[in-house]
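What the coordinates show
Listed here are the chains, written in short residue letters.
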Amino acid sequence: EPEVTQTPSHQVTQMGQEVILRCVPISNHLYFYWYRQILGQKVEFLVSFYNNEISEKSEIFDDQFSVERPDGSNFTLKIRSTKLEDSAMYFCASSRTGNNQPQHFGDGTRLSIL
Amino acid sequence: EDKVVQSPLSLVVHEGDTVTLNCSYEVTNFRSLLWYKQEKKAPTFLFMLTSSGIEKKSGRLSSILDKKELSSILNITATQTGDSAIYLCAVGEEYGNKLVFGAGTILRVKS
């Protein structure tokens, strides 16, 4: 069964550095998402992406965050200048269409900011 | 603000027991409710519910939505140790694509 894949599985970075988290969504899916889960807290929506542009974003998704679909398969989340509070599990998800189809999640990237 | 509340927070049962997990929501423009199972990593999709009163079933798992009560239940019959996981409830809105998640129910099935 096709699945969403994310790399790396764990990223350790110094505060202030830039990180790029990578995702390969399911191939025939058109909507892409990023969520994060801080340890012990709920899964929180960050951003959704469709037709090469952001369709929705949360208050968490401020100017230090950006997303890109650099080619036909990858979907990336960039955090420009990381802070300690960015430490979390970041999940990528995709869905075939919008809100009438389920979102399928990748295994996540654990981001640790030192 | 949209809110999804799951109960109980955690549950320990013995193999063979039946469990019922609850999810209630307050969402401005409700579209769908989804259940996911989270073991070590990715939340794995279980069910998507949009219509009230129609049960969805997959093996020993079943779920139903009650739009009048703004809630859903997830039933697992004849539990097995492999059912041990965090069960997440999430709600989708009519306008927009984001999911709002509950805190999850931690289920532990003892052999």
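Residues numbered from 1 in each chain as written. Chains lettered and ligands numbered in written order. Predicted model: local features only at pLDDT ≥ 70, side-chain atom pairs only at ≥ 80, totals over all residues. Heavy atoms only, no water.

**As for the pattern of salt bridges**
All names here are of chain B. All chains considered together, the criterion is met by 4 salt bridges over all chains. Between Glu39 and Lys37 there is a salt bridge, and its shortest N-O distance comes to 3.9 Å. A residue is classified by how much of its surface remains accessible, and Lys37, at 15% relative accessible area, is buried. Of the charged contacts in the structure, one is a salt bridge between Asp83 and Arg60, with a shortest N-O distance of 2.8 Å. Residue Asp83 is found in the loop between strand E8 (71–76) and strand E9 (85–93), and its partner Arg60 is found in the loop between strand E6 (56–58) and strand E7 (61–66); the two are separated by 23 residues along the sequence. The partly exposed category is assigned to Arg60, whose relative accessible area is 23%. (Salt bridge = Lys/Arg side-chain N within 4 Å of Asp/Glu carboxyl O. Buried < 20%, exposed > 50% of the residue type's maximum accessible area, 1.4 Å probe, protein only. Helix = DSSP H or I, 4+ residues; strand = E, 2+ residues; numbered from the N terminus.)

**Structural notes on the state of the cysteines**
Joining two cysteines, a disulfide is a covalent bond between their sulfur atoms. Going through the model one piece at a time under the given rule, you end up with 2 disulfides over all chains. Each disulfide pairs two cysteine sulfurs, and for A:Cys23 the partner residue is A:Cys92, the sulfurs being separated by 2.0 Å. Residues A:Cys23 and A:Cys92 are joined by a disulfide whose S-S torsion is about -65 degrees; by sign, that bridge is left-handed. Of the two residues, A:Cys23 is situated in strand E3 (residues 19–24) and A:Cys92 in strand E9 (residues 88–95); the sequence distance between them amounts to 69 residues. Residue class for A:Cys23 comes out buried when judged on its relative accessible area of 1%. B:Cys23 shares a disulfide with B:Cys89; S-S distance 1.9 Å. Across the S-S bond linking B:Cys23 and B:Cys89, the dihedral sits near -70 degrees, which makes this disulfide left-handed. Note that B:Cys23 is positioned in strand E3 (residues 19–26) and B:Cys89 in strand E9, a separation of 66 residues in sequence. A residue is classified by how much of its surface remains accessible, and B:Cys23, at 2% relative accessible area, is buried. (Disulfide = S-S within 2.5 Å.)

**Digging into the packing of aromatic side chains**
The tally for this structure, following the rule as stated, stands at 15 aromatic pairs over all chains. Where A:Phe91 meets A:Phe105, the ring centres are 6.3 Å apart and the plane angle is 80 degrees; that geometry is what we call edge-to-face. With A:Phe91 in strand E9 and A:Phe105 in strand E10 (residues 104–105), the pair connects residues that are 14 residues apart, well separated along the chain. The buried category is assigned to A:Phe105, whose relative accessible area is 8%. Ring plane angle 70 degrees and centroid distance 6.0 Å describe the contact between B:Tyr36 and B:Phe45, whose orientation is recorded as edge-to-face. Accessibility expressed as a relative area gives 0% for B:Tyr36, which makes it buried. By relative accessible area, B:Phe45 is classed as partly exposed at 25%. (Phe/Tyr/Trp six-rings, centres within 6.5 Å; stacked < 30°, edge-to-face > 60°.)

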